[in-house]
Amino acid sequence: MSISDFRSHCLNTKELYFGAAYLVFDAVFLAPILQALNLLLPTPLPQSMVNFLFFSINFGAVVLILRRYLCEQLKLLPDVIGKMLGVAAVGLFAYWAMYFVLVQLLLEIDPGFFSVNDVNIQSLVAEDYALMFIGTVILVPVAEESLFRGLLFRGFYDRSPVCAWLLSVLLFAGVHVMNYLGAYPASTIFLCFLQYIPAGICLAGAYRISGCIFCPILIHAAVNFIGVMALR
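Residues numbered from 1 in each chain as written. Predicted model: local features only at pLDDT ≥ 70, side-chain atom pairs only at ≥ 80, totals over all residues. Heavy atoms only, no water.

S.K.: Describe in detail the overall build of the protein, supporting the description with residues and values.
M.R.: The number of helices and strands found in the protein is ten helices and zero strands. Taken from the N to the C terminus, the helices and strands of the protein come in the order α-α-α-α-α-α-α-α-α-α. Relative to the compact-globule value of 17 Å for 232 residues, the protein shows a C-alpha radius of gyration of 18 Å, a close match. Counting only C-alpha atoms and orienting by the principal axes, one finds that the protein spans roughly 50 × 45 × 30 Å. (Helix = DSSP H or I, 4+ residues; strand = E, 2+ residues; numbered from the N terminus. Rg over C-alpha atoms; globule rule 2.2 N^0.38 Å.)

This is the structure in structure tokens:
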């Protein structure tokens, strides 16, 4: 896919505004609202169910808001499927290589380093494997890639490629650690933030090279699939 083709498949103004508003709501308000509502129930739901509701609401809202853009991307698949699979394979390899090197560096900085988000996911998987599998392998990749690569990366790319890269990579890393602020030392949160930088770079790069949002979705789903299967 050429550069001109990549630039021709963009979000319209309505998708950008509503998508940006929802991204803020998702990152800041949705989880606390669900937790508060759950506590009001006579018998609160298990945390795995609350988490699954979070995934489901995100998936539904993102697909609804960005449905035109996603439909256009679906129409591209027959023409780019071969290239997409090749880019996805390279992107997946690049991610694991970068991730392995970064984790070794983080362990040099802090020998006791651990991912706070991974610990939380491990407890949720132990509580309800099926819900976490569906949520992390199917729902999360579509919602997060549509927001961070489709909305942020694609939405800002024409205005400033540098800003598009920074926003999509840094905000993607940020949302994976922001809910743990105050619960762990700031140094631990910062190292966990760095842990997500390779994923953000590889996912944005896969979208840029393939020209199709379903390429980073595929990589994201594969990474989560491997992670969840390892916890089984």
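Now, onward.
S.K.: Could you give me a rundown of the environment of Val28, with the residues and numbers involved?
M.R.: Relative to the helices and strands, Val28 resides in helix H2 (residues 13-40). Linking Val28 and Phe59, residues 31 residues apart in sequence, is a C-alpha distance of 16 Å.

S.K.: Could you give an account of the nonpolar core, with specific residues and numbers?
M.R.: Grouped together as the largest cluster of nonpolar side chains are 67 residues, with contacts concentrated most on Tyr69, Ile213, Phe214, Cys215 and Ile219. Of all the elements, helix H4 (residues 67-109) adds the most residues to this core, at 13 residues. Not counting residues up to four positions away in its chain, the partners in contact with Tyr69 are His9, Leu11, Glu15, Gly150, Tyr207 and Ile213. (Core = buried A, V, L, I, M, F, W, Y, C linked by side-chain atoms within 4.5 Å. Buried < 20%, exposed > 50% of the residue type's maximum accessible area, 1.4 Å probe, protein only. Contact = heavy atoms within 4.5 Å.)

S.K.: Explain the side chain of His220 to me, and be specific about the residues and the numbers.
M.R.: Among the structural elements, His220 can be located in helix H10 (residues 214-230). Since its relative accessible area comes to 7%, His220 is described here as buried. Residues in contact with His220, not counting those within four places in the same chain, are Val140, Pro141, Glu144, Glu145, Phe172 and Leu203.

S.K.: Could you give an account of helix H9 (residues 197-210), naming the residues involved and the relevant values?
M.R.: Under the 1.5 Å per step criterion, the end-to-end length of H9 is 20 Å for 14 residues, consistent within 8% with the ideal 20 Å. In terms of residue burial, H9 counts as a mostly covered element, since twelve of its 14 residues are buried. When H9 is considered as a whole, its buried residues turn out to be Ile197, Pro198, Ala199, Gly200, Cys202, Leu203, Ala204, Gly205, Ala206, Tyr207, Arg208 and Ser210. Gly211 sits one or two positions beyond H9 and adopts a positive phi of about 80°. (Expected span 1.5 Å × (residues − 1).)

S.K.: How would you sum up the side chain of Asn117? Please name residues and give values.
M.R.: For Asn117, the location among the structural elements is in helix H5 (residues 116-127). Given the relative accessible area of 11%, Asn117 is considered buried. Not counting residues within four places of it along the chain, the set of residues in contact with Asn117 comprises His176, Tyr180 and Tyr196.

S.K.: Go over the packing of helix H6 (residues 129-157) against H9 with me, naming the residues and quoting the values.
M.R.: Look at H6 against H9: their axes get within 11 Å of each other, and the N-to-C directions meet at 65°. Regarding H6 and H9, the two cross each other, and that crossing is right-handed. Side by side, H6 and H9 meet where Glu145, Arg149, Gly150, Phe153, Arg154 and Tyr157 of the first sit next to Gly200, Leu203, Ala204, Tyr207 and Arg208 of the second. Along the lines of polarity and charge, the residues of the contact of H6 with H9 split into five nonpolar, two polar and four charged. (Axes fitted to C-alpha atoms, helices over the stretch in contact; angles between N-to-C directions. Left-handed = near helix turned anticlockwise from the far one by under 90°. Nonpolar A, V, L, I, M, F, W, Y, C, P; charged D, E, K, R; others polar.)

S.K.: Would you mind going over the packing of aromatic side chains in detail, with residue names and values included?
M.R.: Using the criterion set out here, one finds 15 aromatic pairs in the structure. When the centroid spacing of 6.0 Å and the interplanar angle of 45° are considered together, the rings of Tyr22 and Phe25 count as tilted. Placement of the pair is Tyr22 and Phe25 together in helix H2, with a separation of three residues, close to one helical turn. According to the relative accessible area criterion, Phe25 is partly exposed, its value standing at 31%. Centre to centre, the rings of Trp96 and Tyr99 are 6.0 Å apart; their planes meet at 90°, and the pair counts as edge-to-face. Pair noted here: Trp96 and Tyr99 are both in helix H4, with a separation of three residues, about one helical turn. (Phe/Tyr/Trp six-rings, centres within 6.5 Å; stacked < 30°, edge-to-face > 60°.)

S.K.: Quick rundown of the environment of Val177? Include the residues and the values.
M.R.: For Val177, the location among the structural elements is in the loop between helix H7 (161-175) and helix H8 (186-195). A relative accessible area of 5% means that Val177 is categorised as buried. Here the alpha-carbon distance between Val177 and Pro46, two residues 131 residues apart in the chain, equals 22 Å. Excluding residues within four positions of it along the chain, Val177 makes contact with Ile189, Cys192, Phe193 and Tyr196.

S.K.: Can you tell me about the packing of H2 against H6, naming the residues and giving the values?
M.R.: Packed helices, taken two at a time, are described by the angle between their axes plus the distance between the axes. Their axes nearest at 11 Å, the elements H2 and H6 cross at an angle of 130°. By the criterion of interaxial angle, the relationship of H2 to H6 is oblique. Considering how the two elements wind past one another, H2 and H6 form a crossing that is left-handed. Here H2 contributes Glu15, Leu16, Gly19, Ala20, Leu23 and Asp26 to the contact with H6, which in turn contributes Leu147, Phe148, Leu151, Leu152 and Gly155. Across the contact of H2 with H6, the residue classes tally to seven nonpolar, two polar and two charged. (Parallel < 35°, antiparallel > 145°, perpendicular 65-115°, else oblique.)

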